[in-house]
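Below, each chain spelled out in residue letters.
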Amino acid sequence: MTTGRPRRTGSPRAVRTARHRPLDLWSVSFTRVGSVATGRAGRGHSPRPAGPATCHSEPPSAKCDSGTRPRRVQSAGRGPPAAPPGTPARLGRTADQWEDRPMPTPDAVRLLLLDADAVIQRMPDGWKDEAITLLATGWGAPAGGVADDPALWGRAQAVLDEVFVAEVFLLTGQETDLTFPETIAGILEGHGNSTDAEQVARLWHRTEPLAEERAMVATARQGGVRVAMATNQQPHRAAWLTDSGAFADLADEVYTSSRLGVAKPEPDFFRAILRAEAEAGHPVEPGEVVFVDDRADNVEGAAAIGIRARQYHFTQGVEAFREVLESTGVLDGAAHADATHDGPAPTA
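Since this is a predicted model, take the numbers as computed values, not measurements. (Residues numbered from 1 in each chain as written. Predicted model: local features only at pLDDT ≥ 70, side-chain atom pairs only at ≥ 80, totals over all residues. Heavy atoms only, no water.)

K.L.:
Would you take a moment to explain the nonpolar core for this structure?
P.N.:
Proteins that are soluble and globular tend to have nonpolar side chains buried together. Counting residues in each nonpolar core, the largest one holds 26 residues, and the members touching the most others are Leu112, Leu114, Val292 and Phe321. Contributions of two or more residues to this core are made by strand 4 (111-114), helix 7 (211-222), strand 7 (226-231), strand 9 (289-293) and helix 12 (318-327). Ignoring sequence-local partners within four residues, the contact set of leucine 112 consists of Val217, Val225, Arg226, Val227, Ala228, Val290, Val292, Leu325 and Val330. The next biggest cluster of nonpolar side chains, apart from the first, holds 25 residues, and it includes Trp139, Leu170, Leu188 and Leu203. (Core = buried A, V, L, I, M, F, W, Y, C linked by side-chain atoms within 4.5 Å. Buried < 20%, exposed > 50% of the residue type's maximum accessible area, 1.4 Å probe, protein only. Helix = DSSP H or I, 4+ residues; strand = E, 2+ residues; numbered from the N terminus. Contact = heavy atoms within 4.5 Å.)

K.L.:
So what exactly am I meant to see when it comes to the environment of valine 119 here?
P.N.:
Structurally, valine 119 is set in the loop between strand 4 and strand 5 (121-122). On a C-alpha basis, the gap between valine 119 and tyrosine 312 in space is 6.6 Å, while along the polypeptide they are 193 residues apart. In this view, valine 119 contacts Leu114, Leu210, Glu213, Val292, Asp293, Asp294, Tyr312 and Phe321; residues no more than four positions away in its chain are not counted.

K.L.:
Help me out: how do you make sense of the sheet that holds strand 7 in this one?
P.N.:
In a beta sheet, neighbouring strands are held together by backbone hydrogen bonds and run either parallel or antiparallel to one another. The parallel open sheet is built from 5 strands, whose spatial order is 8-7-4-9-10. Each edge of the open sheet carries a strand with a single partner, namely strand 8 (253-256) and strand 10 (308-311). Neighbour to neighbour, the strand axes of the sheet diverge by 20 degrees on average, direction disregarded. Direction of pairing for strand 9 relative to strand 10: parallel, over a ladder of 4 bridges. Looking across to strand 10, one finds that valine 290 is bridged to arginine 308. Contacts from helix 12 reach strand 4, strand 9 and strand 10 within the one sheet, and its direction differs from that of strand 10 by about 170 degrees. (Pairing = 2+ DSSP bridges. Axes fitted to C-alpha atoms, helices over the stretch in contact; angles between N-to-C directions.)

K.L.:
Explain the packing of helix 4 (residues 150-168) against helix 5 (residues 180-190) here, please?
P.N.:
Each packed pair of helices is defined by two parameters, the angle between the axes and the distance between the axes. The N-to-C vectors of helix 4 and helix 5 enclose an angle of 140 degrees; their axes lie 10 Å apart at closest approach. By the angle between their directions, the pair helix 4 and helix 5 is classed as oblique. Seen from above, helix 4 lies across helix 5 with right-handed handedness. Note on element contacts: helix 5 touches helix 4 through Phe180, Thr183, Ile184, Ile187 and Leu188, opposite Val159, Glu162, Val163, Ala166 and Glu167. Of the residues assigned to the contact of helix 4 with helix 5, the class counts are 7 nonpolar, 1 polar and 2 charged. (Parallel < 35°, antiparallel > 145°, perpendicular 65-115°, else oblique. Left-handed = near helix turned anticlockwise from the far one by under 90°. Nonpolar A, V, L, I, M, F, W, Y, C, P; charged D, E, K, R; others polar.)

K.L.:
Help me understand a nonpolar patch on the surface in this model?
P.N.:
On the surface, a cluster of nonpolar side chains totalling about 300 Å² of accessible area is made up of Val165, Val168 and Phe169. Turning to its location among the elements, valine 168 is positioned in helix 4. You can call valine 168 exposed: its relative accessible area is 51%. (Patch = residues over 30% accessible without salt bridge, like charges linked within 9 Å, V, L, I, M, F, W, Y side chains within 5 Å. Areas by Shrake-Rupley, 256 points an atom, 1.4 Å probe, with all protein chains shown as cover. Salt bridge = Lys/Arg side-chain N within 4 Å of Asp/Glu carboxyl O.)

K.L.:
Whenever I open this one, the packing of helix 7 against helix 12 confuses me. Can you help?
P.N.:
Where helix 7 meets helix 12, the axes come as close as 9 Å, and the angle between the chain directions of the two elements is 20 degrees. If you check the angle between helix 7 and helix 12, you find them roughly parallel. Every pair of crossing elements has a handedness; the one defined by helix 7 and helix 12 is right-handed. Across the interface between the two elements, Glu212, Glu213, Met216 and Val217 from helix 7 touch Val318, Phe321, Arg322 and Leu325 from helix 12. Of the residues that constitute the contact of helix 7 with helix 12, the class distribution is 5 nonpolar, no polar and 3 charged.

K.L.:
For this particular structure, what's the right way to read the pattern of salt bridges?
P.N.:
Any two side chains of opposite charge can pair if their charged atoms end up close together. Taken as a whole, this structure holds 13 salt bridges when the rule is applied. One salt bridge connects lysine 264 with aspartate 115, and the closest N-O pair in it is separated by 3.1 Å. Residue lysine 264 is located in the loop between helix 9 (257-260) and helix 10 (267-279), and its partner aspartate 115 is located in the loop between strand 4 and strand 5; the two are separated by 149 residues in the primary sequence. The partner of aspartate 293 in a salt bridge is lysine 264, and the shortest N-O contact between them spans 2.7 Å. In this pair, aspartate 293 sits in strand 9 while lysine 264 sits in the loop between helix 9 and helix 10, placing the two residues 29 residues apart along the sequence. Each of Asp115, Lys264 and Asp293 takes part in one network of salt bridges that share partners.

K.L.:
Can you help me understand helix 4 in this one?
P.N.:
Think of an α-helix as 3.6 residues a turn; residues three or four steps apart then line up on the same face. An ideal rise of 1.5 Å per residue puts 27 Å on 19 residues; helix 4 measures up with 27 Å between its terminal C-alpha atoms. Regarding helix 4, the residues found buried are Leu152, Ala156, Val159, Leu160, Val163, Ala166 and Glu167. Mapping the buried residues of helix 4 onto a view down its axis gives an arc of 115 degrees, with all of them on the same face. Exposed residues on helix 4 whose side chains face more than 90 degrees from its buried face are Pro150, Ala151, Val165 and Val168. On its buried side, helix 4 packs onto helix 3 (127-136) and helix 5. (Expected span 1.5 Å × (residues − 1). Arc of directions from axis to C-beta.)

What follows is the structure, given as structure tokens:
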């Protein structure tokens, strides 16, 4: 009977190869336990002296907390870091191989969502002053003397601010059964003001279209981008915007908060729009949508679900609006249409 260590099988070369097989560096995970850092590869591990934690944060200048677990992250380049010299090809690409790999292109824009007020329409200059003057006359003051009475002006402005706050609770169309004029009437009654509530509500119909911004939107639409309004509106004003045809020549669809039952900046507002688009036969992914709004919180709400959202207010100037549309790819279709125009060549 044979005793002692079992006999090895295989050639000496095979044994040496098995012993000296290169270590798969990416399979090694490092953890810090107390003051000892250990490296684990398979079942066996050996303790290593504790040292400063390696910082793998991005940007590199960021400091690592002393208790941070070092981790392998992708570098700022196009691919992962180059494998150490001698590492088999199966463990990763070389830097040159990653340089040859094409970068993914952004999704083409298929849907442009637009806020209404301060983006493609505005309230006329002096609108708020007109509203304050109208409210002041409800206490018997002559319209011509309101601006000369600071106390009366402030009193009327406080009522207008209260109307603004009350309007917020009407945006989803679900908070109350009262209409906007009825809400205004209740506020006026509480202040002993006899101004006609319907007349006050009609001030919200005083909008002016922003012609240059709308022309750019029309260009995008002609280039194949579907356009929809995405705006917070209480039912009274939403109905007027629809009946007046304010967006008839601009948008394929109009989505208001009172129609959807949820208001911006809630991400569910934008999810509801995507569901409605799919149900209407126009399914679209968030990455194929661009949203433009004048409020930062609304922009953040859209970006939270992956929509390419940008902030714009008409006071920035129309060139800023053009930059928003160009940088997000909204006008790419229009540019392609111009480049492939088959009409007669212009004559000198």
